[in-house]
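The residues making up each chain are set out below.
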Amino acid sequence: MKKLNPSIAVIFVISISIILLNRYTHFHINDYRVHFFFLFFAASSLVIVIGQFFKKLKTNWSIVTVFVLIGILCGLKAFFTWGGDWKTQIVLYKNIENPAKTINYQLRGDRFAFGYKKRVVGIYRLAPFMEWTTDIDTLHLDKTKWKKLDLKLNEMKLK
């Protein structure tokens, strides 16, 4: 019989922490593939921990089956619930002291709706796929800390 591997519990704690931060704070995973990667590992490690605790997952084949089934379920969840990624159209301002902080105008095209949702947010890049976003009112912005850029990125490839 397989013993409970503590690394599976660590993977669960790390991945569920990132998923919960993404859901309930200003922390944002800006790539759907990375989001569902963490969701996959959170769900599959939880099922494996519970299965091994109740002595149901005894073979490597059963663990592989769990990974495949969780992968299929996460893929279906991604297809039916993912609204779309926020894409930066214009970088409005860049912080003078910290270049990782920007104020961006972003659009998101929902898959099953017409048109785009719009927002202006302050972004602090933590990693290439992780950022801290906050709503910003550019009318009350301290212009001494921000450099105006108006850099058009057009990540949605609009004409």
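Our subject is the structure that appears above.
The structure presented is a predicted model; accordingly, all values stated were derived computationally and were not measured. (Residues numbered from 1 in each chain as written. Predicted model: local features only at pLDDT ≥ 70, side-chain atom pairs only at ≥ 80, totals over all residues. Heavy atoms only, no water.)

Enquirer: Please set out the packing of aromatic side chains residue by residue, giving values where relevant.
Expert: Remark: the centre distance and the inter-plane angle together describe each pair of aromatic rings, the angle taken between the planes. According to the stated counting rule, one finds six aromatic pairs in the structure shown. Pairing Phe 40 with Phe 67 gives two aromatic rings, centres 5.7 Å apart and planes at 40 degrees, and the pair type is tilted. Note that Phe 40 is positioned in helix α2 (residues 32-53) and Phe 67 in helix α3 (residues 60-81), a separation of 27 residues in sequence. By relative accessible area, Phe 67 is classed as partly exposed at 30%. Centre to centre, the rings of Phe 53 and Phe 54 are 5.1 Å apart; their planes meet at 80 degrees, and the pair counts as edge-to-face. Both residues of the pair, Phe 53 and Phe 54, belong to the exposed class. The ring of Tyr 124 carries Lys 101 above its face, with NZ or CZ at 5.8 Å from the centroid. (Phe/Tyr/Trp six-rings, centres within 6.5 Å; stacked < 30°, edge-to-face > 60°. Helix = DSSP H or I, 4+ residues; strand = E, 2+ residues; numbered from the N terminus. Buried < 20%, exposed > 50% of the residue type's maximum accessible area, 1.4 Å probe, protein only. Lys NZ or Arg CZ within 6 Å of the ring centre and 35° of its normal.)

Enquirer: Before we move on, can you summarise the pattern of salt bridges with the specific residues and values?
Expert: On inspection of all chains with the given rule, the structure shows three salt bridges. One salt bridge in this structure joins Arg 125 and Glu 131, with 2.5 Å as the shortest N-O distance. (Salt bridge = Lys/Arg side-chain N within 4 Å of Asp/Glu carboxyl O.)

Enquirer: How would you summarise the pairing of strand β2 (residues 87-95) if you had to cite specific residues and measurements?
Expert: As defined by bridge partners, β2 adjoins strand β3 (residues 101-108) across six bridges and the pair is classed as antiparallel. Note on β3: the bridge partner recorded for Lys 87 is Leu 107. If you look at the hairpin formed by β2 and β3, you'll find five residues sitting between the two strands. For β2 and strand β6 (residues 146-152), the ladder comprises five bridges, and the chain directions are antiparallel. When the sheet's bridge partners are listed, Asn 95 is paired in β6 with Trp 146. (Pairing = 2+ DSSP bridges.)

Enquirer: Tell me what's going on with the environment of Thr 102, and back it up with residues and numbers.
Expert: Along the chain, Thr 102 turns up in strand β3. A C-alpha to C-alpha distance of 32 Å links Thr 102 and Gly 75, two positions 27 residues apart in sequence. Of the polar contacts made by the side chain of Thr 102, one reaches the side chain of Asn 104; its length is 3.1 Å. (Polar contact = N/O pair within 3.5 Å; in protein donor to acceptor, adjacent residues only side chain to side chain.)

Enquirer: Tell me about the environment of Ile 14, and name the residues and values.
Expert: Checked against the element boundaries, Ile 14 lands in helix α1 (residues 6-24). Since its relative accessible area comes to 48%, Ile 14 is described here as partly exposed. Along the backbone, Ile 14 and Ala 42 are 28 residues apart, and their C-alpha atoms lie at a distance of 8.1 Å.

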